[in-house]
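Fold and contact review
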Amino acid sequence: MTETPKTNLLGMTPVQLAEYFKKIGEKPFRATQVLKWMHQHGVESFDEMTNISKSLREKLTQQAEIREPEVVSQETSKDGTRKWVIRVEGGSCVETVLIPEGDRGTLCVSSQVGCSLNCSFCSTGKQGFNRNLTAAEIIGQVRIAIKSFGQMDPANKRVVTNVVMMGMGEPLMNFERVVSAMNLMMEDNAYGLSKRRVTLSTAGVVPAIDKLGEVTDVSLAVSLHAPNDELRDVLVPINKKYPIKELVAACNRYLEKLSDKRVITIEYTMMRGVNDHPEHARQLSKLLKTLPCKLNIIPFNPFPNSGYERPEAEAIELFKNTMHKAGIRTTVRRTRGEEIDAACGQLVGIVEDKTRRTAKLGRLAQQIVSKNLIATDSLAVQ
């Protein structure tokens, strides 16, 4: 006789957990107690939940479990950046990175095994795509990161103060599970993070941005990487379906739904000879004047066989100054965790590629550089 699989409670929202307790004949308020034990105290078993009855603990032990993904390895770089390689169901691995900065600890969380998009400069994208992560596998990354420092008690100083859905994968292509996990991050009885401290980064899935604005008000970041459609079509192929003009309009609609004044974070991975020309800066400054935003320039972090190079320091400075003169708040991201391959764009995990993408890549990067895709005024986004 096949044993009935246990129900993993780790990824359940308060509403889902209350429904679960009703289903097993228990009071819904038990959901709050169990949430606190799982997420604020990081308990491993129901036996540790001392404020619920022994009979309920026994029932939960028989029917349910608290199962987070398996940590395969943990590395810490000389600058304090910590990276975990985490094995999920099916045997593939994802990566999670914590970046400390003073009193701030930003956790970069993965949403997919590999990535369903095919951005040409991203090492994750080169691995292809296997599957979406479950809500338990997503929130499990937060739990693992905090537990690794031995600080689950909310009375202690927080290790994770900010979460960015900016690891492996396109979060909006795993919409429901990502939203559930982010709700747990912001839940007072779980991790209690502010909506300003939970950020979802997208390459620009326009219909999902509109849908997101109906169900949550987390902060939004957009991986733009090009100031015109001609170049972005090559760097970020989803642009062919949702071009820049439509993406900017969706971002403005998202901001209009927020109850407070926030801006979109525009991420711009800069590559030598690809998107670092002064004309690119002029086009971008013109484009971003139509959107309340701040710009984050990310110098390209090399990885094997990428075909791209890090831009010259002079090109980065000139680009930044052009944006400042246009009145756009601009920062240059400092590379962190590079020696343990934990920098932006370097996360690869171990992916059983269902797309066979790696075999199809060829010499795309060299082709882009040789074409020098600087749109004329007629081609640039107006």
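For the structure, check the block above.
Throughout what follows, the structure given in this document is the object of discussion. The numbers attached to residues start from 1 for each chain and follow its sequence in the written order. Predicted model: local features are reported for residues with pLDDT of at least 70 only, side-chain atom pairs are reported and counted for 80 or more only, and whole-chain, interface and lining totals are derived from all residues. Note: side-chain values were computed over all heavy atoms of the structure, leaving out hydrogens and water.

1. Focus on a positive patch on the surface
Note the following rule: To count toward a patch, a residue needs a relative accessible area over 30% and no salt bridge; like charges are then connected within 9 Å, while nonpolar side chains (Val, Leu, Ile, Met, Phe, Trp, Tyr) are connected within 5 Å. Each accessible area is a Shrake-Rupley estimate made with a 1.4 Å probe; only the visible protein chains count as cover when residues are assessed. Take a side-chain nitrogen of Lys or Arg and a carboxyl oxygen of Asp or Glu: if they are within 4 Å of each other, that pair is a salt bridge. A positive count includes Lys and Arg, and a negative count includes Asp and Glu. His and the chain ends are not counted in either. A charged residue contributes its charge at one atom only: NZ of Lys, CZ of Arg, CG of Asp or CD of Glu. For helices the rule is a DSSP run of H or I covering at least 4 residues; for strands it is a run of E covering at least 2, with both sets numbered from the N terminus onward.
Taken together, the side chains of R104, R158, R197, K294 and R329 make up a positively charged region of the molecular surface. Structurally, R158 can be placed in the loop between α5 (135–147) and β9 (162–165).

2. Brief notes about the sheet that holds strand β12 (residues 264–270)
Condition: Here, any two strands with at least 2 DSSP bridges between them count as paired. Axis definition: a line fitted to C-alpha atoms, limited for helices to the stretch in contact. Angles are taken between N-to-C directions and run from 0 to 180 degrees.
Taken in spatial order, the 10 strands make up an open sheet running β3-β4-β5-β6-β9-β10-β11-β12-β13-β14, and their pairing is mixed. Each edge of the open sheet is held by one strand with a lone partner, namely β3 (70–76) and β14 (330–332). Shown here is a sheet whose adjacent strand axes are inclined to one another by a mean of 20 degrees, direction ignored. Bridge count for β9 against strand β10 (residues 198–202) is three bridges, and the pairing is parallel. Within the sheet, the bridge partner assigned to M165 lies in β10 and is L200.

3. Remarks on α5
Quick note on the threshold: Working rule for helices: expected span equals 1.5 Å times residues minus one. Exposure is judged per residue with a 1.4 Å probe applied to protein chains only, and the accessible area is read against the type maximum: over 50% gives exposed, under 20% gives buried, and values in between give partly exposed.
Its 13 residues give α5 an end-to-end C-alpha distance of 18 Å, which sits within 8% of 18 Å, the value for a rise of 1.5 Å per residue. Judged by how many residues are buried, α5 sits mostly within the fold: 12 of 13 residues are covered. Where α5 is concerned, the buried positions are A135, A136, E137, I138, I139, G140, Q141, V142, R143, I144, A145 and I146.

4. Topic: the pairing of β9
Side-chain positions along a regular strand alternate between the two faces of the sheet. Going by this rule: Consider the strands pointing away from the viewer: the crossover is right-handed when the path from the first strand over the helix to the second runs clockwise.
Here β9 shows two buried faces, one formed by N162 and V164 and the other by V163 and M165. Direction of pairing for strand β6 (residues 104–108) relative to β9: parallel, over a ladder of three bridges. Bridge pairing in β9 places C108 opposite V164. As for the winding sense of the linkage, the β-α-β connection from β9 through helix α6 (residues 175–186) to β10 is right-handed.

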